[in-house]
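Single-letter residue listing:
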Amino acid sequence: MFDGIRLEQLVVDERHLIRHLGIKIPLEEETGEIRYDLPTYIKWHNGLRVQGRPRPPGSAKGRYCFQLRGSLIKAANQGEHNRYGKNPSEILAVLDELATGWGIDPFRTPINNLELSMTWPVAGAEVLPERFLLYLNRKPVVDSKRVDGVDMPYVKVKCGQHVLKLYVPVAGHLRFELKAHTMQFLGQARPKVLADLARPQFAPCLAQKVTVAFEKILWTLPVLDAHQLPVEESRLYQEGRVAQYWLVDRKQFDCEADFKRVERQRHREKLRFRALVDRYWTGEPLAELKKQLEANLADYMAQMHSKPYQQQLTDCWDRWKILFP
């Protein structure tokens, strides 16, 4: 469930981190002196990007403020790819490496950005990006990315505090992502520091964010003969399959009452449009897709409460407490 992460201020022994990862420090060309006023060179390690930024002059905390961003799933896969999800134990192993190998204090390093994701097998997954119509009344960016010589279609919607992305990372699998631009999007019960990602109590509220976002997608149908429908359904489908129909702009109305009336009308029509799409949907039913997503999230959380994971977490926690009292 946890994947992309951004940590703007690592609590870490910078000398150990530089030495451990072999991070290059910029030098003055003529004298060879270290340029502490410049950022360090970027270091990529197993899908994680690390860079040090100069601290303000006179800072007693060290020369650099180190930042880390990247994919926890990719790191769990030795930097190869993040096409498939990883279980909690594999993510915990990455967090343990960051603490014991890199020297990052998991109890004091704040999380500045977090991406939630779920990847699961779906029959006919390749057609789903094409059927994505709207999310929160926002039109998606539809594009494709070349991966291993194959065009990977995806859709992306940018919202105020988060980004939604849906794509097919590998044939027959669907990947759904929520990336928080601001941590406030994840709510008050969100994880605050790196160690929180290992704790089961933070998972339910994040899983709910994923489920609720998936439910708010409005889908369309690739092929439907509107002439076979009753007159009212035919009208609704032909108008509703165009995203612009649902985007009610306040500026188009002379008064607030007219705007609210049309907005309520669109809401009622959207419920009927969803039911129409469900009725004529081909392939894996939308209700089944949601069940599969919920089942995968539930399985992830169940693993976090299992005895093997709890023992692994206890062992890691004891090590971290010794290293970072």
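Only a predicted model underlies this, so the values are computations on that prediction, with no experimental measurement involved.

### Describing the pairing of strand β3 (residues 48–54)
No. 1: Counting buried residues along β3, 5 of its 7 residues qualify, which places the element largely inside the surrounding structure.
No. 2: Pairing of strand β2 (residues 43–45) with β3 involves 3 bridges; the strand directions are antiparallel. Within β3, the residue paired with K43 across the bridge is V50.
No. 3: Linking β2 back to β3 in an antiparallel pair, the connection comprises 2 residues, with N46 at a positive phi of about 50°.
No. 4: Here β3 pairs with strand β4 (residues 64–71) via 7 bridges, running antiparallel.

### Here we look at the nonpolar core
No. 1: Counting 91 residues, the largest nonpolar core has L68, L114 and W219 as its most contacted members.
No. 2: Contacts of L68, omitting those with residues within four sequence positions, involve I5, R6, L7, L10, L48, R49, V50, L98, W102 and I104.

### Overview of helix α5 (residues 203–215)
No. 1: Between its first and last C-alpha, α5 extends 19 Å over 13 residues, near the 18 Å set by a 1.5 Å rise per residue.
No. 2: Buried within α5 are the following residues: A203, C205, L206, A207, V210, T211, A213 and F214.

### Re the environment of V277
No. 1: Relative to the helices and strands, V277 is located in helix α7 (residues 256–280).
No. 2: In this structure, the C-alpha to C-alpha distance between V277 and L221, residues 56 residues apart in sequence, is 6.6 Å.
No. 3: If we ignore the near neighbours within four places in the chain, the residues touching V277 are W219, T220, L221 and L286.

### Some thoughts on the packing of helix α3 (residues 88–100) against helix α9 (residues 307–323)
No. 1: Between α3 and α9, the shortest axis-to-axis distance is 11 Å and the interhelical angle comes to 10°. It follows that α3 is roughly parallel to α9 by the angle criterion. Contact with α3, carried on its side by P88, S89, L92, A93, L95, D96, A99 and T100, involves Y309, Q312, L313, C316, R319, W320 and L323 of α9 and no other residues of that element.
No. 2: Along the lines of polarity and charge, the residues of the contact of α3 with α9 split into 10 nonpolar, 3 polar and 2 charged.

### Examining the environment of Y41
No. 1: Following the sequence through the fold, Y41 ends up in the loop between α1 (14–21) and β2.
No. 2: Separated by 15 residues in the primary sequence, Y41 and P26 have C-alpha atoms spaced 7.0 Å apart.
No. 3: Residues in contact with Y41, not counting those within four places in the same chain, are I23, K24, I25, P26, V50 and Q51.

### Things to note about the packing of aromatic side chains
No. 1: Summed over all chains, the structure comprises 15 aromatic pairs.
No. 2: With centroids separated by 5.9 Å and ring planes inclined at 80°, the aromatic side chains of W219 and W281 adopt a geometry described as edge-to-face. Here W219, found in strand β11 (residues 217–219), pairs with W281, found in the loop between α7 and α8 (286–304); they are 62 residues apart in sequence, far enough to count as distant.
No. 3: Clustering of aromatic rings is evident, with ring pairs tying together W120, F132, F176, F214, W219 and W281.
No. 4: Between R131 and the ring centre of W281, over which it is positioned, the NZ or CZ distance is 4.3 Å.
No. 5: Lying over the aromatic face of Y245, R266 brings its terminal NZ or CZ to 3.9 Å of the ring centre.

### As for the layout of surface pockets
Gaps left between atoms are located by rolling a probe of water-molecule size over the structure's atoms.
No. 1: There is about 830 Å³ of room inside the largest pocket.
No. 2: What lines the largest pocket is a set of 30 residues, among which N82, E115, K145, K165 and E177 lie closest to the centre.
No. 3: Of all elements in the fold, only β1 (2–7), β4, β5 (113–121), β7 (141–147), β8 (150–158), β9 (162–167) and β10 (173–180) reach the threshold of two or more residues within the lining of the largest pocket.
No. 4: Across the lining of the largest pocket, the residue classes break down as 10 nonpolar, 7 polar and 13 charged.

### Here we look at the pairing of β9
No. 1: With 5 of 6 residues buried, β9 is to be regarded as a mostly interior element.
No. 2: In this structure, β8 lies alongside β9, joined through 5 bridges in antiparallel fashion. Counterpart to V155 in the pairing with β9 is L166.
No. 3: Adjacent in sequence and paired antiparallel, β8 and β9 are bridged by 3 residues.

Rules and cut-offs
Residues numbered from 1 in each chain as written. Predicted model: local features only at pLDDT ≥ 70, side-chain atom pairs only at ≥ 80, totals over all residues. Heavy atoms only, no water. Buried < 20%, exposed > 50% of the residue type's maximum accessible area, 1.4 Å probe, protein only. Helix = DSSP H or I, 4+ residues; strand = E, 2+ residues; numbered from the N terminus. Pairing = 2+ DSSP bridges. Core = buried A, V, L, I, M, F, W, Y, C linked by side-chain atoms within 4.5 Å. Contact = heavy atoms within 4.5 Å. Expected span 1.5 Å × (residues − 1). Axes fitted to C-alpha atoms, helices over the stretch in contact; angles between N-to-C directions. Parallel < 35°, antiparallel > 145°, perpendicular 65-115°, else oblique. Nonpolar A, V, L, I, M, F, W, Y, C, P; charged D, E, K, R; others polar. Phe/Tyr/Trp six-rings, centres within 6.5 Å; stacked < 30°, edge-to-face > 60°. Lys NZ or Arg CZ within 6 Å of the ring centre and 35° of its normal. 1 Å grid on protein atoms, 1.4 Å probe; cavity = no way out; pocket = protein on both sides within 12 Å on 5 of 7 lines; lining within 4 Å. Points joined across faces, edges and corners; volume = space filled by probe spheres on them.

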